Amino acid sequence: HIIRDISGIRSLEESLQQQMGIQDVIIVAGNSDESPWVKSELGRAAASRMKSILTRENIIAVTGGSTIAAVADTLTPSEKEQACLFVPARGGIGEDVKNQANSICAAMADRMASKYRVLYVPDQVSKDIYDSFIKEPEINEVLQLIKSASMVLHGIGDAMTMAERRKSSNEDLEIIKSAQAEGEAFGYYFNENGEVVHKVQTIGLQLQDLANIPSVIAVAGGASKAKAIAAYMKQAPPSTILITDEGAAKCLLKAQ
Ligand code: BG6
């Protein structure tokens, strides 16, 4: 802690935690936009925080993205008797396979010598498909596990970056642009006041379910994500623990 105190990181963490009204903020040195290894450090910090709050039985819901993939890369098996079951937070959101929640679940389970379940659902399903999908016993079982998660590990993205990465329709892109969406998490798009302006219709965890989940860990860094983080944090449950980097943190504090 000494080095963190001298470099002022501890006081930055405290200021941000108060500003956002969340449980805790952890800041790693550097800016992940500029230095790729900072993302690994975000992963390491998130993995260690996650392990410190595991209990005997854990159902851990995870989202996709390169940041959560970095968490998977640094996980190691638990020293204690702690059973973990990893589930994807939401149905397949159009990402590269390695950054999909399903693949990350498998990687985390592998690293922690534990179990995982998958949810292969096309992105942006229609109402009819949605209704019949959730009646499938296999899918329904995974959905029940997701709703009873004890922990959620999620990324936050810049709204336009995510909309483009998901190959959203022109119509959706227009909505996201004209509503001035800044941030995205769990397939929900938020404006600077934290209001939901658009949502990707998929099965799995919905924003309102977060209130029932004891531990919520958000992992996002890079100065380019500062506005996105600020927007989502207006909505985030107070139990949220944010793991970020100095690049984002300094912009977040300036924006106050
Ligand atoms: C996606 C999640 O997979 O990753 C999004 O569905 C999240 O909710 C995004 O915003 C973050 O991605 P990255 O690569 O910036 O960590």
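These numbers come from a predicted model, not from an experiment.

**Q** Looking at this structure, I do not really get the nonpolar core. What am I missing?
**A** Phe186, Ile229, Tyr232 and Met233 are the most contacted members of the largest nonpolar core, which has 44 residues in total. For this core, the elements supplying multiple residues, two or more each, are helix 2 (9–20), strand 1 (24–28), strand 2 (57–62), strand 3 (83–88), helix 7 (137–147), strand 8 (188–190), helix 10 (226–233) and helix 11 (246–254). At six residues, the largest contribution of residues to this core is made by helix 10. With residues up to four places along the chain from it excluded, the contact list for Met233 reads Met20, Ile22, Ile156, Ala218, Thr240 and Leu242. In this structure, Leu42, Met50, Val62 and Val71 belong to the second largest nonpolar core, which totals 29 residues.

**Q** Would you explain the site of the ligand in this entry?
**A** If you check the shell around the ligand, you find 15 residues, and the closest are Ser66, Thr67, Glu95, Glu184 and Lys225. Between the ligand and the protein, one listed contact pairs an oxygen atom with a backbone N or O atom of Gly64 at 3.2 Å. In the environment of the ligand, an oxygen atom lies 2.5 Å from a nitrogen or oxygen atom belonging to the side chain of Thr67. When the free accessible area of the ligand is taken as 400 Å², the share hidden by the protein chains comes to 95%. Mapped onto the shell around the ligand, the elements with two or more residues apiece are helix 4 (66–74), helix 8 (159–165) and strand 7 (183–185). Of the residues that constitute the shell around the ligand, the class distribution is four nonpolar, six polar and five charged.

**Q** Teacher, can you tell me more about the sheet that holds strand 1 here?
**A** Paired through their backbone hydrogen bonds, the strands of a sheet run either parallel or antiparallel. With parallel pairing, seven strands are arranged side by side in an open sheet as 1-11-10-5-2-3-4. In this open sheet, the two edge strands, each paired with only one partner strand, are strand 1 and strand 4 (115–116). Two elements, strand 10 (residues 215–219) and strand 11 (residues 240–245), share four bridges in a ladder whose sense is parallel. Pairing of Ile217 across the sheet is with Ile241, part of strand 11.

**Q** Would you mind showing me how to read unusual backbone geometry here?
**A** Comment: phi is negative for the bulk of residues other than glycine, and the bulk of peptide bonds are trans. In the Ramachandran plot, Lys167 falls in the positive-phi region, its phi being about 50° despite a non-glycine side chain. Mapped onto the elements, Lys167 comes out in the loop between helix 8 and helix 9 (170–178). Overall, the relative accessible area of 71% leaves Lys167 in the exposed class. One non-glycine residue with positive phi stands out, namely Phe186, at about 55°. Counting through the fold element by element, Phe186 comes out in the loop between strand 7 and strand 8. Note on Phe186: relative accessible area 5%, which makes it buried.

**Q** Even after reading the chapter, I still don't get the packing of helix 4 against helix 5 (residues 101–111), so can you show me in this structure?
**A** A packed helix pair is summarised by two numbers, namely the angle formed by the two axes and the spacing between the axes. At their nearest, the axes of helix 4 and helix 5 sit 8 Å apart, and the two run at 15° to each other. Relative to helix 5, the element helix 4 is oriented roughly parallel. The crossing of helix 4 and helix 5 is left-handed. Of helix 5, the residues touching helix 4 (which contributes Ile68, Ala69, Val71, Ala72 and Asp73) are Ile104, Ala107, Met108 and Arg111. A class-by-class count of the residues in the contact of helix 4 with helix 5 yields seven nonpolar, no polar and two charged.

Definitions and cut-offs
- Residues numbered from 1 in each chain as written.
- Predicted model: local features only at pLDDT ≥ 70, side-chain atom pairs only at ≥ 80, totals over all residues.
- Heavy atoms only, no water.
- Core = buried A, V, L, I, M, F, W, Y, C linked by side-chain atoms within 4.5 Å.
- Buried < 20%, exposed > 50% of the residue type's maximum accessible area, 1.4 Å probe, protein only.
- Helix = DSSP H or I, 4+ residues; strand = E, 2+ residues; numbered from the N terminus.
- Contact = heavy atoms within 4.5 Å.
- Near = heavy atom within 4 Å.
- Polar contact = N/O pair within 3.5 Å; in protein donor to acceptor, adjacent residues only side chain to side chain.
- Areas by Shrake-Rupley, 256 points an atom, 1.4 Å probe, with all protein chains shown as cover.
- Nonpolar A, V, L, I, M, F, W, Y, C, P; charged D, E, K, R; others polar.
- Pairing = 2+ DSSP bridges.
- Axes fitted to C-alpha atoms, helices over the stretch in contact; angles between N-to-C directions.
- Parallel < 35°, antiparallel > 145°, perpendicular 65-115°, else oblique.
- Left-handed = near helix turned anticlockwise from the far one by under 90°.

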